[in-house]
Amino acid sequence: MSRLHVNHSDIVRFADERVNLPKDKADDYRAQARRVREKLEGYLDEHPDFSLKKILMSGSLAKGTALRSLNDIDMACYISGADAPHNVRQLLDYLAERLRKAFPNFSPDQVKPQTYSVTVSFRGSGLDVDVVPILYSGDPNWYGNLVSQDDGSFLETSIPRHLEFAAKRKKQQVRHFAQVVRLVKYWARLMKQERDGFRFKSFMIELILAKLCDDGLDLSDYPEALQHFFTYIARTNLRQRIVFTDYYPATTVKPSADLVQIIDPVNAANNVSRLYTAQNADAIVEAALDAGDAIDAALAAPTKQLTVAYWQKVFGPSFQV
């Protein structure tokens, strides 16, 4: 691949300037999440019978894959007790009521139930923390039932195992795994803005790249890594089942008629892409083909101006060299 006009270092610079959440902001956000956790843990020490058992940072900030556009923090709160409701709306109200007890200095409007979570708003920083409830029955690996943001149903998960899964891939390719995830998420965000009805959730992107990583793809050259990602989608038509064996054997995954099958690495019964239709999948494939063609053209372009123009088809007009 030619690197005459735009090379790996140029992509790194673009990521630092436009894609990545700056380190100082990430540190501030993590400190905020830590204060929430410490506040709740302090309350739990004083009230051991309290139904909120554990709170953990989750999502992109916890995994190190957050984009510069991040404006809230995801946390998961484990709830135990016979009195915990199993109706989603009642559970969110129940969680909000108890979070208000844990944060007595907050006004009621700073702790608000949403559709699938409870938002805790910090007036000083202007930062929101979205707390997702997980019904917990004492599993040593912290499995419990959370409210799925796909359809509002309860879904078995383990937040510590999800974080461990991501950390393993990050350790295998230090810096590069998380950075390529962020670059692809940035591309997908741009596609959502440009293409009506386009959807491609971040967790699916992470799992596809985890599969490529497990298959031995070296992610240290970003133009090549991106091209491999888009080529994989185009080659498989997004119809190739992806399964991981970190926490269960592949044979545990049952046959399915779902069109797109990307199986949750901590729950063999959960296809994270089960709601994606042929139209959704074809839109992703088409966008991936366009992005792959643009990268091919960029790497063969005779001038810097033309090279940058092709990369802008992938990353938008903010891409400059």
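Note: the structure precedes this text.
This report concerns the structure included in the present document.

What counts and how
Residues numbered from 1 in each chain as written. Predicted model: local features only at pLDDT ≥ 70, side-chain atom pairs only at ≥ 80, totals over all residues. Heavy atoms only, no water. Axes fitted to C-alpha atoms, helices over the stretch in contact; angles between N-to-C directions. Helix = DSSP H or I, 4+ residues; strand = E, 2+ residues; numbered from the N terminus. Parallel < 35°, antiparallel > 145°, perpendicular 65-115°, else oblique. Contact = heavy atoms within 4.5 Å. Nonpolar A, V, L, I, M, F, W, Y, C, P; charged D, E, K, R; others polar. Buried < 20%, exposed > 50% of the residue type's maximum accessible area, 1.4 Å probe, protein only. Salt bridge = Lys/Arg side-chain N within 4 Å of Asp/Glu carboxyl O. Left-handed = near helix turned anticlockwise from the far one by under 90°. Polar contact = N/O pair within 3.5 Å; in protein donor to acceptor, adjacent residues only side chain to side chain. Phe/Tyr/Trp six-rings, centres within 6.5 Å; stacked < 30°, edge-to-face > 60°. Lys NZ or Arg CZ within 6 Å of the ring centre and 35° of its normal. Core = buried A, V, L, I, M, F, W, Y, C linked by side-chain atoms within 4.5 Å.

1. Structural notes on the packing of helix α6 (residues 176–194) against helix α10 (residues 304–315)
(1) Moving on: One can describe the packing of α6 onto α10 by two numbers: an axis separation of 8 Å at closest approach and a directional angle of 80°. The angle between α6 and α10 falls in the class roughly perpendicular. Across the interface between the two elements, Leu183, Tyr186, Trp187, Leu190 and Met191 of α6 pack against Lys313, Val314 and Phe315 of α10.
(2) Moving on: Residues of the contact of α6 with α10, tallied by class, amount to 7 nonpolar, no polar and 1 charged.

2. Concerning unusual backbone geometry
(1) Moving on: Despite not being glycine, tryptophan 142 has its phi angle at roughly 60°, a positive value.
(2) Moving on: Tracing the sequence through the fold places tryptophan 142 in the loop between β5 (127–136) and β6 (143–147).
(3) Moving on: Phi angles above zero are rare outside glycine, and asparagine 237 is one such case at about 60°.
(4) Moving on: Its place among the elements puts asparagine 237 in the loop between α8 (222–236) and α9 (278–300).
(5) Moving on: The class of asparagine 237 is partly exposed, set by a relative accessible area of 33%.

3. Some details on the pattern of salt bridges
(1) Moving on: In this structure the tally under the stated criterion is 15 salt bridges.
(2) Moving on: A salt bridge links arginine 195 to aspartate 290; its shortest N-O distance comes to 2.8 Å. One end of the pair, arginine 195, is in the loop between α6 and α7 (202–214); the other, aspartate 290, is in helix α9, and 95 residues separate them in sequence.
(3) Moving on: Under the relative-accessibility criterion, arginine 195 is labelled partly exposed at 24%.
(4) Moving on: Arginine 239 is paired through a salt bridge with aspartate 282; the nearest N and O atoms lie 3.0 Å apart. Of this pair, arginine 239 sits in the loop between α8 and α9 while aspartate 282 is found in helix α9, placing the two residues 43 residues apart along the sequence.
(5) Moving on: A single network of salt bridges, built from pairs that share partners, joins Lys168, Arg169, Asp214 and Asp246.

4. Topic: the packing of helix α5 (residues 159–172) against α7
(1) Moving on: Running from amino to carboxyl end, α5 crosses α7 at an angle of 45°, the nearest separation of the two axes being 11 Å. When the interaxial angle is binned, α5 and α7 end up oblique. Two packed elements cross with a definite hand, and for α5 against α7 that hand is left-handed. Contacts between α5 and α7 involve His162, Phe165, Arg169 and Gln172 from the first element and Phe203, Leu207, Ala210, Cys213 and Asp214 from the second.
(2) Moving on: Of the residues in the contact of α5 with α7, the class split is 5 nonpolar, 2 polar and 2 charged.

5. Side note on the environment of aspartate 139
(1) Moving on: Inspection of the secondary structure assignment puts aspartate 139 in the loop between β5 and β6.
(2) Moving on: Taking the relative accessible area as the measure of exposure, aspartate 139 reaches 27% and is therefore partly exposed.
(3) Moving on: Once the C-alpha coordinates of aspartate 139 and serine 158 are considered, the two residues, 19 residues apart in sequence, prove to be 9.5 Å apart.
(4) Moving on: At 3.4 Å, the side chain of aspartate 139 forms a polar contact with the backbone nitrogen of tyrosine 143.

6. Comments concerning the side chain of asparagine 20
(1) Moving on: Examined against the element boundaries, asparagine 20 turns out to sit in the loop between α1 (8–19) and α2 (23–46).
(2) Moving on: Polar side-chain contacts of asparagine 20 include one of 3.3 Å to the side chain of aspartate 16.
(3) Moving on: Look past the residues within four positions of asparagine 20 in its chain and what remains in contact with it is Ala15, Ala66, Leu67, Arg68, Gln179 and Arg182.

7. Observations concerning the packing of aromatic side chains
(1) Moving on: According to the stated counting rule, one finds 19 aromatic pairs in the structure shown.
(2) Moving on: Note on tyrosine 78 and tryptophan 142: the rings are 4.9 Å apart at their centroids and 75° apart in plane angle, and the pair reads as edge-to-face. Residue tyrosine 78 is located in strand β2 (residues 72–79), and its partner tryptophan 142 is located in the loop between β5 and β6; the two are separated by 64 residues in the primary sequence.
(3) Moving on: Taking 6.4 Å as the distance between ring centres and 25° as the angle between the ring planes, the aromatic pair formed by phenylalanine 200 and phenylalanine 229 counts as stacked. Placement of the pair is phenylalanine 200 in the loop between α6 and α7 and phenylalanine 229 in helix α8, with a sequence separation of 29 residues.
(4) Moving on: Classification of phenylalanine 200 by relative accessible area gives buried; the value is 1%.
(5) Moving on: A relative accessible area of 0% means that phenylalanine 229 is categorised as buried.
(6) Moving on: Of the aromatic side chains, those joined through ring pairs into one cluster are Phe14, Tyr186, Trp311, Phe315 and Phe319.
(7) Moving on: Of note, lysine 54 hangs over the ring of tryptophan 142, and the distance from its end group to the ring centre comes to 4.7 Å.
(8) Moving on: We note arginine 169 situated over the ring of phenylalanine 165; from NZ or CZ to the ring centre the distance is 3.8 Å.

8. Details of the nonpolar core
(1) Moving on: Core analysis: the biggest nonpolar cluster contains 59 residues, and Trp187, Phe200, Phe229, Trp311 and Phe315 have the highest contact counts within it.
(2) Moving on: Sorting the residues of this core by element identifies α1, α6, α7, α8, α9 and α10 as the ones contributing at least two each.
(3) Moving on: Setting aside its immediate chain neighbours within four residues, phenylalanine 200 contacts Trp187, Ala188, Lys192, Ile205, Ile208, Phe229, Ile233, Tyr276 and Ile284.
(4) Moving on: By size, the runner-up hydrophobic cluster in this structure holds 38 residues, among which are Leu52, Ile55, Met75 and Ala84.

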